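# Overview (structure and organization)
Single-letter residue listing:
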Amino acid sequence: MTALVIRNLSVRLRKGPPLLRRVSLDLAPGEVRGLVGESGAGKSMIGKAVLGILPPSVEITGGEILLEGTDLLRLPPADRRRRIGASCALIPQDPLTALNPSHRIGPQITDRLVDILGWTRRNADARARELLAEVQIPDPDRVMRSYPHELSGGMRQRILIASAFAAEPRLIVADEPTTALDVTVQKQILKLIAGMQARHGTAILFVTHDLGVVSKVCQRLSVLYSGMVVEDARVADFFRAPRHPYSAALLAATPKYTDPTAGLNPVPDAVIEAVRAEVAAFDREVAHG
Amino acid sequence: MLDGRTLVRRRAGLRLWLSAGWLTLLCLAALLAPWVAPKDPLAQDLFLGRMPPFWMTGAEPGYWLGTDSLGRDVLSRLIHGARVALTVALVAGTITCIVGATLGLLAGFLRGWVDMVISRLIDIWMAFPPVLFSILLIAVLGPGLMSIIIAIVVIDWTRFARVVRAEAMAQGAMDYVASARVAGRGRISTLIREILPNVLPTIVVLLTLEMGIAVIVEAILSFVNLSISTDDPTWGGMISEGRASIHQAWWVLVAPLVTLFLTVLSFSQLGEGLKDRFDPVLR
Amino acid sequence: MPILRILLLRLLTTVVTLAGVAVIVFFVIRVVPGNPIAMMLPPGATEADIARLSALYGLDKPLVTQFWIWVSGVLQGDFGTSISTRQPVLGLVLGRLPATLELSVMALVMAVVLGGAAALTGTRYRGGRTEGAIDVANGMALSVPDFLWGLILILLFGVLMPVFHISGRVTPSLDLPFSTNFYLFESLIRLRFDLWADIVAHMFMPALALAIPLAAIIGQLLKQSLKETMNLDYVTLARTKGYGETRVILREALRNAALPTLTLVGVQFTFLIGGTVIIERLFSYEGLGNMAIDAVINRDLPLIQGIVLLFAVIFTAVNLIVDLLYAVLNPRLRHA
Ligand SMILES: Nc1ncnc2c1ncn2[C@@H]1O[C@H](COP(=O)(O)OP(=O)(O)O)[C@@H](O)[C@H]1O
Ligand SMILES: [Mg+2]
């Protein structure tokens, strides 16, 4: 069974413009799918919809989100929450703000296991130690007793990764997990996520605006523009021959990491206009039923 | 778009108008007291003691809110009491504001030893229980309107000084002040032309709050029998009498209590309303 | 050692503050017109009687000498003798202190409970009618001072629906087996729940009157800071773990949101203690504040000095404790 299927998901600002336009995508178990697009395209919005953490200012107007066959949007809120807690996890963007400053690290890894999944404290602690070792944190016992402000950004991101894998989720949403880090740390963290993913066989929805990252860790990708999926392709195919003009331009605009001097080619205006027209046509079609 | 915020703002507008309306009514009552009060507030009539207000059985016609234990008309005393209350509110409030805001501005803008001295004074003042301090001052100065005003100024200037000092400090750190100084403007001139206008909204809000507080302080002092001469009707004095005869004639307490409540609430709502008006983020 | 330096500086300013209070109260009350000694003697007293008694209380010496005598006495624990009761000031004041402390702490607890409940409920149902109602109630509670709340409570629950006592600290006819003046505390320890209930029934309304404005401040500040905290990343992350709204508020947001509120509550608590003066008068509660007003009316200079100084000590102590508490509760400071 597929890990995640999103079908025709539409989200809009309450009584305002649409933010997601009939988004569809799917993830096989253990697959990593990249979600790319410029800032504001709605990448995070998709992840938030899946995890049930959409801001109160927006509403879902249609579509379904099937987690291993169950439509999350049809579950009563409390069931949905538990379901998500038990089988999904989030690796957030900014490790500096994603840990609670007044709790120690240990409980922040084990809380879900103990409070939601009913593990014993002892088992949960053992599991946390094991995970911290797996993400290559020296002296896990000391770290578990520390407060977030005592640790570096890279350390904290490792902890958040460990915490995401703690309950062996089927699906992880990684929302630009390396964007806030130093360039030197970025590569290590990326490698770490890829390694963890391979060992645990977790499906990951990998949000990023960096096609270079996609080429390294993803099998498939969706390209998003203004809340609309303009291309859904296998990574190998995509890098050989992108089908949509916008995604082709996006690829062309990405500096080759092999040649950092190449610089950025902005997406040409003509391409932007074409894809905007496409979005407008879509909105007209929706408006006319 | 009529969303929640618009509604909240409308309701806030309504509160502002209601408060302003009540305070205007009070001002009129105070100014026109001899003409609008139905009776002489000091006239006693022992045969008419503790008459209930008009809606109760046994009420005496013409005594709308009943009479106190000496047979004096409660409504007339309320109306005359507004004179003392509003005088104290306006005069004491304004002087406190001027003294406190000036000291706060000087401390926050000039910094250095001026700030040192004023801040230490504020610390010392904050270590006094204000009610006890005011009672003590009245005992020293002797009862009377003047003493009450002096006591309020002496005690409450820190309310302005503390807030204004912090605001002036924040404003002083901003670029526009630096550029004014670079442009060759003197310190005092910068203070008056650049800082003061930006701190003014805060000062006005504090002023309305202080007026409400002044009314309460007067009531508290009358309550402990330390206000102005005991003959003149004051709300605090009426409360004190009402508290004493509470089991026999509760309305003697209710009338000044409700009046005081509405007045204090109006002053603070006025302040809140003005704050919203001034605040560009909320507007 | 920055922490030690900060602490020393704090202690130094505290000493300066207390000294300032001592100077001001000493000289202000000596401007009082009328000789306090003349007032305490029967009408027929001669000049010589007044002079003798003045000498006994040291009131015949120059002001600066009097001040010096008083200060050196205070430093040795001798606060002088009350003129109206002819007993040592320290004993009188310490005898009343427990009543005021119990009242203040009870009011503080009520304020924290009421304000905390308002803030949590408002945050839980934010953006709706419930939050609107809480805001309106908070606004009202905040604008009206404790004195008026006291009167309103007296009227409502003392007269119209008499459920609580409106005067005194305890029913006078009761036999009190207490060895300290901490009645509330001691009745609990001695398991005398009958006495405890009587004392609470006396304290309830004055404490509530003191608590209402502070509860409103706590409610407002805490709600605002809770709502801000609820948008932070770590709270969002906790939601994805399967926690419901209420648990997210209590587990993740409350502690961090409470810290900024705490500093403000410190200052506000000193205001509350200051409020006991008039509230005790209003409810004829036999505490320090009530005694203070009597002392002013009786021109009992040594007693006034002692009480004001004690209040100042309490205020500065509260501020110091809050600062320490803040440092203890904030992990970032604790490890700095
Ligand atoms: N809390 C919010 N309330 C209203 N609009 C939002 C909110 N968060 C994001 N948006 C809007 O939704 C769109 C998609 O945002 P997002 O998913 O964060 O983009 P990104 O692709 O950069 O992750 C943007 O246009 C943004 O302005
Ligand atoms: Mg994003």
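As the structure is a prediction and not an experimental result, all values here were calculated from the model.

So, how was this worked out
- Residues numbered from 1 in each chain as written.
- Chains lettered and ligands numbered in written order.
- Predicted model: local features only at pLDDT ≥ 70, side-chain atom pairs only at ≥ 80, totals over all residues.
- Heavy atoms only, no water.
- Contact = heavy atoms within 4.5 Å.
- Salt bridge = Lys/Arg side-chain N within 4 Å of Asp/Glu carboxyl O.
- Helix = DSSP H or I, 4+ residues; strand = E, 2+ residues; numbered from the N terminus.
- Nonpolar A, V, L, I, M, F, W, Y, C, P; charged D, E, K, R; others polar.
- Polar contact = N/O pair within 3.5 Å; in protein donor to acceptor, adjacent residues only side chain to side chain.
- Buried area = accessible area lost by both parts, 1.4 Å probe.
- Domains from an automatic or database assignment.
- Near = heavy atom within 4 Å.

Here we come to the interface of chain C and chain A. Interfaces are often sized by the amount of accessible area the parts lose when they come together. Counting residues at the interface gives 19 residues for chain C and 26 residues for chain A. Applying the counting criterion to the chain C and chain A interface returns four salt bridges. Among the secondary structure elements, those contributing two or more residues to the side of chain C that touches chain A are α10 (233-240), α11 (245-282) and α14 (331-334) of chain C. When the residues that make up the side of chain C that touches chain A are grouped by side-chain class, the tally is four nonpolar, six polar and nine charged.

The next thing to look at is the environment of Glu 252 of chain C. Here Glu 252 of chain C shows up in helix α11. Distance from Glu 252 of chain C to Leu 232 of chain C, taken between C-alpha atoms, is 10.0 Å for residues 20 residues apart in sequence. Apart from residues no more than four positions distant in its own chain, Glu 252 of chain C is found in contact with Asn 100, His 103 and Asp 111 of chain A together with Tyr 234, Val 235, Ala 238 and Arg 247 of chain C. In terms of polar contacts, Glu 252 of chain C uses its side chain to reach the side chain of Asn 100 of chain A, at 2.9 Å.

Let us now look at the interface of chain B and chain C. Taken together, the contact between chain B and chain C spans 35 residues of the former and 47 residues of the latter. Each partner contributes to the roughly 3600 Å² buried at the junction of chain B and chain C, and carbon and sulfur atoms together form 86% of this total. Applying the counting criterion to the chain B and chain C interface returns zero salt bridges. Taken together, the elements giving at least two residues each to the side of chain B that touches chain C come down to α4 (112-126), α5 (130-141), α8 (187-223), α9 (235-244) and α10 (251-278) of chain B. In terms of residue count, the dominant contributor to the side of chain B that touches chain C is α10 of chain B (nine residues). The residue makeup of the side of chain B that touches chain C, split by class, is 28 nonpolar, three polar and four charged.

Moving on, we get to the domain arrangement of chain C. Residues and elements named next belong to chain C. Domain assignment breaks chain C into domain 1 (2-75) and domain 2 (95-334). Domain 1 puts 18 residues into the contact, and the matching count from domain 2 is 15 residues. It is Arg 10, Leu 18 and Ile 29 that lose the most area in domain 1 upon contact with domain 2, and together they represent 31% of the buried surface on that side. The tally of links from domain 1 across to domain 2 stands at one salt bridge. The closest approach of N and O atoms between Arg 10 and Asp 323, which form a salt bridge, is 1.9 Å. Summed over the shared surface of domain 1 and domain 2, the result is one residue pair in polar contact (both at pLDDT 80 or more). Elements with a contribution of two residues or more to the side of domain 1 that touches domain 2: α1 (2-29), α2 (36-40) and α4 (63-75).

Residues and elements named next belong to chain A. In the region of ligand 1, the neighbouring residues are Leu 13, Leu 19, Glu 38, Ser 39, Gly 40, Ala 41, Gly 42, Lys 43, Ser 44, Met 45, Pro 55 and Ser 57. In this structure, Ala 41 approaches ligand 1 through a main-chain N or O atom, which is 3.3 Å from an oxygen atom. In the model, an oxygen atom of ligand 1 is placed 2.6 Å from a nitrogen or oxygen of the Ser 44 side chain. Sort the elements by how many residues they give to the shell around ligand 1 and helix α1 (residues 43-51) lands first, with three residues. Of the residues in the shell around ligand 1, the class split is five nonpolar, five polar and two charged.

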